[in-house]
Amino acid sequence: MNEARRATAADAAELVRLRGVLMTQLAGHRSADGGWKATAEVMLRERLAEPDPTLVAFVVDRPDLVGRAGLLAACAVGTVECRLPGPGNPSGEVGYVFNVVTDPAHRRRGYSRRCMAALLDWYRDRGIRTIDLRASSEGEPLYRSLGFTLSRDPAMRLRLRPPEQSPS
């Protein structure tokens, strides 16, 4: 049985590949790279190598490659965000889960569940008690089974345009 393990910097390219799988699934079509993959890989290599990281990933290796460097079957990535403390969260630290994805050839085997369970244990060990995520309709049953509930606060987003360049 494939167990989840903590990702290392050497897993960065595969984590980016799985993110591309997720982005394609969410968009309904394959989109142009636009340079995000190279940037994401560099960022993951750096962040996953930090001695006291605020970004971690848990992964399941492909069953045919366990114990060898290779392709990943699934992953779950999480960060620690520092917010102002409050009555319900005296430390102000909040976990945020994203990029939970299983390669299409390896779905329905419990790999995302294993990655999520390992990530939630990591948060628990750090003393983080509040964990947020945004769920797709496909992922919502998994998250509910792990204890997540819908929050009263709707998610909102604003995309700011870059400042206009003045002619030189």
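Residues numbered from 1 in each chain as written. Predicted model: local features only at pLDDT ≥ 70, side-chain atom pairs only at ≥ 80, totals over all residues. Heavy atoms only, no water.

1. A short note on the overall build of the protein
Looking only at helices and strands, the protein has 4 helices and 5 strands in total. For the protein, the succession of helices and strands along the chain, N to C, is β-α-α-β-β-β-α-β-α. A globule of 168 residues ought to have a C-alpha radius of gyration of about 15 Å, and the protein, at 17 Å, matches this closely. Dimensions of the protein, computed from C-alpha atoms along their principal axes, come out at roughly 55 × 45 × 35 Å. For the protein, the residues scored as buried account for 36% of the 168 residues in total. Restricting to contacts in the protein with at least 6 residues of sequence separation, those with at least 24 account for 65%. In the form shown here, the protein has an accessible surface area of approximately 11,000 Å², with 54% of it arising from carbon and sulfur atoms. Positive and negative side-chain charges of the protein, numbering 25 and 20 respectively, have mean locations separated by a distance of 4 Å. (Helix = DSSP H or I, 4+ residues; strand = E, 2+ residues; numbered from the N terminus. Rg over C-alpha atoms; globule rule 2.2 N^0.38 Å. Buried < 20%, exposed > 50% of the residue type's maximum accessible area, 1.4 Å probe, protein only. Contact = heavy atoms within 4.5 Å. Areas by Shrake-Rupley, 256 points an atom, 1.4 Å probe, with all protein chains shown as cover. Lys, Arg positive; Asp, Glu negative; His and termini not counted. Charge placed at Lys NZ, Arg CZ, Asp CG, Glu CD.)

2. Details of the nonpolar core
Core analysis: the biggest nonpolar cluster contains 22 residues, and Phe58, Val97, Met116, Leu119, Trp122, Tyr123 and Tyr143 have the highest contact counts within it. Elements represented by at least two residues in this core include exactly strand E2 (55-61), strand E3 (72-82), strand E4 (93-102), helix H3 (111-126) and helix H4 (140-145). Looking at this core, the element that brings in the most residues is H3, giving 8 residues. Ignoring anything within four residues of it in the chain, the contact list for Tyr143 reads Val100, Met116, Leu133, Ala135 and Phe148. In terms of nonpolar packing, the next biggest core, distinct from the first, is built from 17 residues, Leu15, Leu48, Leu72 and Val101 among them. (Core = buried A, V, L, I, M, F, W, Y, C linked by side-chain atoms within 4.5 Å.)

3. Here we look at the packing of aromatic side chains
Under the definition given, this model contains 3 aromatic pairs. Ring geometry for Tyr96 against Phe98: centres 6.2 Å apart, planes inclined by 25°, an arrangement best described as stacked. With relative accessibility at 23%, the residue Tyr96 sits in the partly exposed group. Among the residues examined, Phe98 registers a relative accessible area of 27% and is labelled partly exposed. (Phe/Tyr/Trp six-rings, centres within 6.5 Å; stacked < 30°, edge-to-face > 60°.)

4. Section: the packing of helix H1 (residues 12-27) against helix H2 (residues 36-48)
Where H1 contacts H2, the axes come no closer than 8 Å and their chain directions differ by 135°. Of the possible angle classes, the one that applies to H1 and H2 is oblique. Judged by the twist between their axes, the crossing of H1 over H2 is right-handed. Contact residues: Ala12, Ala13, Leu15, Val16, Arg19 and Gly20 in H1; Trp36, Lys37, Ala40, Glu41, Leu44, Arg45 and Leu48 in H2. Of the residues in the contact of H1 with H2, the class split is 8 nonpolar, 1 polar and 4 charged. (Axes fitted to C-alpha atoms, helices over the stretch in contact; angles between N-to-C directions. Parallel < 35°, antiparallel > 145°, perpendicular 65-115°, else oblique. Left-handed = near helix turned anticlockwise from the far one by under 90°. Nonpolar A, V, L, I, M, F, W, Y, C, P; charged D, E, K, R; others polar.)

5. Points about unusual backbone geometry
A positive phi angle, close to 55°, is found at Asn99, a residue other than glycine. Here Asn99 lies in strand E4. You can call Asn99 buried: its relative accessible area is 6%. Positive phi, close to 70°, is recorded for Arg108, a residue that is not glycine. Residue Arg108 is classed as exposed on the basis of its relative accessible area, which comes to 84%.

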